[in-house]
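# Structure at a glance
For reference, the chains in residue letters:
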Amino acid sequence: MPDRRPSQQSVHATWAPRIAQLLLRQPGHRLSAEDAVLIANQMQVRWMQAGTRFIQQDDDTHDGTILMLLYGEVSVEKAPQHQGDSLVVSIAKAGQMFGEMGVLLDAPRSASCVAYSDVALAELSRDALERLLVEHPATAARLALGIASRLAEHLRDTSNKLTSMSRLVSAMHPAIRAQMLGPKSGFSPSQLDDPAAPD
């Protein structure tokens, strides 16, 4: 009986326009329509079942793969240091990219990614990326600039959140001090500002 499963080539032909379209929708992208088609032609389509963990936090194997979600939803999870349980920080939808920070920074994975539903992903492998650099260096440069722009925006967003949190903690500080220095505490504010050695 002949194998009726679609070939990778036919699968790619089906998904390539969608891949190019999603590349052009990336925040901060620097790509032309021609760039998007060139990159889409270097990407392979992968399917994963719900529950599959395809990126592991702190993994430092540096496989150099960039993934883009084509269909379905992915849970982005982060485990606090020295704790086993992961916290879901976001649910990614079509167009979200994964793994680009590891490619640019050669750093361990900053979060885990788990298929929240059955998903389709477009994969740009290290070999395909190196081929793009050799054959279409300008396109590869614009792809890298777009990725760097998104990472910078994430860093700015994180910095703004930390600033807001710092202001909140500063605003709460008097109330925290008052709670610590209740009428029966036996401490004075000066001891907190400049603690003296015990007698």
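Worth saying up front: this structure is predicted, and the values here are computed from it rather than measured. (Residues numbered from 1 in each chain as written. Predicted model: local features only at pLDDT ≥ 70, side-chain atom pairs only at ≥ 80, totals over all residues. Heavy atoms only, no water.)

Moving on: the sheet that holds strand β2 (residues 53-55). If you walk across this open sheet you meet the four strands as β2-β7-β4-β5, and the pairing is antiparallel. The open sheet has two free edges, formed respectively by β2 and β5 (87-92), since each of these has just one partner strand. Taken over all neighbouring pairs, the strand axes of this sheet differ in orientation by 30° on average, direction set aside. Inspection of the sheet shows β2 paired to strand β7 (residues 112-115) by two bridges, in the antiparallel sense. In the strand pairing of β7, Ile55 is matched with Cys113. (Pairing = 2+ DSSP bridges. Helix = DSSP H or I, 4+ residues; strand = E, 2+ residues; numbered from the N terminus. Axes fitted to C-alpha atoms, helices over the stretch in contact; angles between N-to-C directions.)

Listed in full, the buried residues belonging to helix α4 (residues 126-135) are Ala128, Leu129 and Leu132. What you see down the axis of α4 is that its buried residues fit within an arc of 100°, all on one side. For α4, the exposed residues set more than 90 degrees away from the buried face come down to Asp127 and Val134. (Buried < 20%, exposed > 50% of the residue type's maximum accessible area, 1.4 Å probe, protein only. Arc of directions from axis to C-beta.)

Take the pattern of salt bridges next. Inspection of every chain in the model, using the stated rule, returns four salt bridges. For Glu123, the salt bridge goes to Arg46, with nearest N and O atoms at 2.7 Å. Of this pair, Glu123 sits in strand β8 (residues 119-124) while Arg46 is found in strand β1 (residues 44-48), placing the two residues 77 residues apart along the sequence. Residue classification places Arg46 among the partly exposed positions, given a relative accessible area of 30%. Of the charged contacts in the structure, one is a salt bridge between Lys93 and Glu73, with a shortest N-O distance of 2.3 Å. (Salt bridge = Lys/Arg side-chain N within 4 Å of Asp/Glu carboxyl O.)

As a further point, take the sheet that holds strand β3 (residues 66-71). Strand pairing in a sheet takes place through backbone hydrogen bonds and is either antiparallel or parallel in direction. Strand order in the open sheet formed by four strands is β1-β8-β3-β6, with antiparallel pairing between adjacent strands. For this open sheet the edge positions go to β1 and β6 (97-98), each flanked by a neighbour on one side alone. Across five bridges, the pairing between β3 and β8 is antiparallel. Looking at β8, one finds that Leu67 is bridged to Glu123.

We now examine the confidence of the model for the protein chain. Overall, the prediction assigns the protein chain a mean pLDDT of 80, with 76% of residues at 70 or greater. Long-range and interchain partners of residues 1-5, a stretch whose pLDDT sits below 50, account for zero contacts in this model, where long-range means more than four residues apart. (pLDDT = per-residue confidence, 0-100. Contact = heavy atoms within 4.5 Å.)

This next bit is on the side chain of Glu77. By the secondary structure assignment, Glu77 is in strand β4 (residues 74-78). Separated by 3.0 Å, the side chains of Glu77 and Ser75 make a polar contact. In contact with Glu77, not counting residues within four places along its chain, are Arg53, Gln57, Ser86, Leu87, Val88, Val89, Ala111, Ser112 and Val114. (Polar contact = N/O pair within 3.5 Å; in protein donor to acceptor, adjacent residues only side chain to side chain.)

Turning our eyes to something else, we now look at a nonpolar patch on the surface. On the surface, Val88, Ile91 and Tyr116 cluster together to form a nonpolar patch covering roughly 300 Å² of accessible area. Mapping Tyr116 onto the fold places it in the loop between β7 and β8. (Patch = residues over 30% accessible without salt bridge, like charges linked within 9 Å, V, L, I, M, F, W, Y side chains within 5 Å. Areas by Shrake-Rupley, 256 points an atom, 1.4 Å probe, with all protein chains shown as cover.)

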